[in-house]
Amino acid sequence: RTRPTFVRCIKPNAAKAPLLLHAGMVDHQLRCSGVYAAVKIAQAGYPSRISFLDFATRYRMLVRGSHVKTLEEAREQSRSILLDFCSDSSLYQLGKHKIFMKGGVLARLEEVLSHHLTDAAALLQGSVRRRRTSSMKAWRRAAEELEAQGRPPGAH
């Protein structure tokens, strides 16, 4: 994510009238103020930045990592995640405290994480359903045994 530190005021029309937009004038202002150039530079560079600790915490389940406590642990776990899920090392750079990623890398990691969480949820649901079913069967068998023990001989 980029964090602009400046604000550009763009006039929508020469008369400054409300609800009137002159596209050519807006385009000219954006071009002259350098907004288009700044966007192009951000797209060519590394617009996504995230600290090692935040990255490792968010994506640790992709590599069965434990909770990290130090910057060095976070850096190593982050490097491991990126090596596993981002085959092209030119799409990211590791700084002193942050990872710098080109456009699309973070979105791809979010997609992988979403699939991973969906698979984990399905596995957990299946396990709970199996236990619930086996538990219900056990209760049913116990009830049938109690019921059978409570009947006099020959009664059905």
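Reference entry: report on the structure contained in this document. Here, residues in each chain are numbered from 1, in the same order as that chain's written sequence. Only residues with pLDDT of 70 or above have their local features reported here, since the model is predicted, and side-chain atom pairs are shown and tallied only from 80 upward, although totals for entire chains, interfaces and linings are computed over all residues. Computation of side-chain values covers all heavy atoms of the structure but excludes hydrogens and water.

Along the chain, Arg 75 falls in helix α4 (residues 71-85). Note on Arg 75: relative accessible area 17%, which makes it buried. Setting aside its immediate chain neighbours within four residues, Arg 75 contacts Phe 52, Gly 95 and Lys 96. For the purposes of this entry, the term helix denotes a DSSP run of H or I that reaches at least four residues, the term strand denotes a run of E that reaches at least two, and both are numbered from the N terminus. The buried label applies to any residue whose accessible area, calculated with a 1.4 Å probe on protein chains only, is under 20% of its type's maximum; exposed applies above 50%, and partly exposed to all values in between. The contact definition used throughout considers only heavy atoms, calling two residues in contact when any of these lie within 4.5 Å.

Let's shift gears to the packing of aromatic side chains. Ring pairs are drawn from Phe, Tyr and Trp, using the six-membered ring of Trp, whenever the two centres fall within 6.5 Å, and their geometry is named by plane angle: stacked under 30 degrees, edge-to-face over 60, tilted for the rest. Overall, the coordinates contain 1 aromatic pair when judged by the stated rule. Both rings, one in Phe 55 and one in Tyr 59, keep their centres 4.9 Å apart while their planes meet at 50 degrees; by these two values the pair is tilted. Taken together, the positions of Phe 55 and Tyr 59, both in helix α3 (residues 52-59) and 4 residues apart, correspond to about one turn of that helix. Tyr 59 carries the same exposure label as Phe 55, and that label is buried. Consider the ring centre and the ring normal. A charge sits over the ring if Lys NZ or Arg CZ is within 6 Å of that centre and within 35 degrees of that normal. The ring centre of Tyr 59 lies 5.9 Å from the NZ or CZ of Arg 58, which sits over that ring. Across the ring face of Tyr 46, the terminal group of Lys 102 is positioned such that the distance to the ring centre comes to 5.4 Å.

By definition, two strands form a pair when at least two bridges between them are found by DSSP. On the basis of which strands lie adjacent, the open sheet formed by 3 strands has the order β1-β3-β2 and antiparallel pairing. Since the sheet does not close on itself, it has two edges, and those belong to β1 (48-51) and β2 (92-94), each with one partner. Ignoring strand direction, the axes of neighbouring strands in this sheet form an average angle of 20 degrees. Note that β2 and strand β3 (residues 98-101) share 3 bridges and pair antiparallel. Within β3, the residue paired with Leu 94 across the bridge is Ile 99. Here α3 sits on the sheet in contact with β1, β2 and β3, set at roughly 85 degrees to β1. Between the N-to-C directions of two axes lies an angle of 0 to 180 degrees, each axis being a line fitted to C-alpha atoms and, for a helix, fitted only over the stretch in contact.

Let us look at α3. For α3, the complete set of buried residues consists of Phe 52, Phe 55, Ala 56 and Tyr 59. All buried residues of α3 project into a common sector of 95 degrees when viewed along the axis, lining one side. At its buried positions, α3 is contacted by β1, α4, β2, β3 and α5 (105-150). Note: the arc covers the axis-to-C-beta directions of the helix.

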